[in-house]
Amino acid sequence: MSTIVIYYEPWNRGNIIPTNFFSKIICRYLKAMHSKANPRNESYMRELALEHYHDAMFLNYSIENNCSKLKSASKIVLLYPDATGIGFNKIEKEVFSIVNNSSKVCVLNGRRRKFKLGKKERYMLLVRRILEKTMFFEFVFIIVFLIVTPFFLIFDWIRGRF
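The following refers to the structure shown. In this text, all values refer to a predicted model and were calculated from it rather than measured experimentally. Once a new chain begins, its residue numbering starts again from 1 and follows that chain's sequence as written. Local features in a predicted model are, by the rule used here, given only for residues with pLDDT of at least 70; side-chain atom pairs are given and counted only at 80 or more, and totals for whole chains, interfaces and linings are based on all residues. Excluded from the side-chain calculations are hydrogens and water; all other atoms, namely the structure's heavy atoms, are used.

Description of the pairing of strand S3 (residues 75-80)
Our working definition: Only protein chains enter the accessibility calculation, which uses a 1.4 Å probe. A residue is then buried if its area is under 20% of the maximum for its type, exposed if over 50%, and partly exposed in between. Under the DSSP-based scheme used, a helix requires at least four consecutive residues in state H or I and a strand at least two consecutive residues in state E, with every element numbered from the N terminus. The rule for pairing is simple: two strands pair if DSSP sees at least two bridges between them.
With 5 of its 6 residues buried, S3 lies for the most part within the structure. Alignment of S3 against strand S4 (residues 104-109), held across 6 bridges, turns out to be parallel. Residue Tyr80 lies in a different strand from S4, and its bridge partner there is Asn109.

Have a look at this one:
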């Protein structure tokens with residue numbers, strides 16, 4: 001085995017039935033996260049993997065999470081269904097703890113981007129995942145919008161446009 005392609009679907013967690021106020025908020029948050037990530041489905045990712053790696057062995061981590069086969073692989077490809085690989089932290093740690101130094105770990109995401117995955121890339125992905133999960137930039141925009149809007153209204157009122 002020369003190449004192993006690992007697919008994982010972190011978004012397929014089943015439907016949460018909201019029973020109270022907090023579960024409704026969590027459901028809306030998860031729906032917003034899913035919408036922002038726009039993850040691709042398994043069949044799309046399988047076709048994408050076959051397009052780039054013809055002779056690769058496909059491993060669905062959601063079904064069989066046995067990574068003992070990775071020791072013999074010369075190349076390991078992680079298939080991120082979204083752009084940043086949300087939910088892949090555990091798999092990345094497991095892959096890097098199992099593989100030897102001669103193995104090459106790459107990523108192919110649902111946006112058809114390929115890149116090598118090293119320490120620097122893992123750190124940058126971690127930062128992007130945190131920003132994406134916390135919706136940091138969305139909240140900053142809301143705060144700036146709420147602060148600036150009254151000044152625009154006053155400016156328009158003074159100029160007679162209101």
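Observations regarding helix H4 (residues 119-134)
Stated formally: The span you would expect from a helix comes to 1.5 Å times its residue count less one. Picture the helix axis, draw a direction to every C-beta atom, and the arc is the one those directions span. Contacts are assigned to residue pairs that have any heavy atoms within 4.5 Å of one another.
Its 16 residues place the ends of H4 23 Å apart at the C-alpha level, agreeing with the 22 Å of an ideal helix rising 1.5 Å per residue. Listed as buried for H4 are Leu125, Arg129 and Glu132. Along H4, the residues classed as buried sweep out an arc of 65 degrees about the axis, all on the same side. Turned more than 90 degrees away from the buried face of H4 sit Lys119, Lys120 and Tyr123, all of them exposed. Those residues of H4 that are buried are in contact with helix H1 (21-37), S3, helix H3 (89-98) and strand S5 (114-116).

Some remarks on the nonpolar core
Put simply, the rule is: To qualify as a nonpolar core, a set must consist of buried Ala, Val, Leu, Ile, Met, Phe, Trp, Tyr and Cys residues joined through side-chain atoms within 4.5 Å.
Grouped together as the largest cluster of nonpolar side chains are 18 residues, with contacts concentrated most on Ile6, Leu70, Ile76, Leu78 and Val95. Taken together, the elements giving at least two residues each to this core come down to strand S1 (3-7), S3, H3 and S4. For this core, the leading source of residues is S3, giving 3 residues. Beyond its immediate chain neighbours, meaning those up to four positions away, Val95 contacts Ile6, Leu70, Ile76, Leu78 and Val105.

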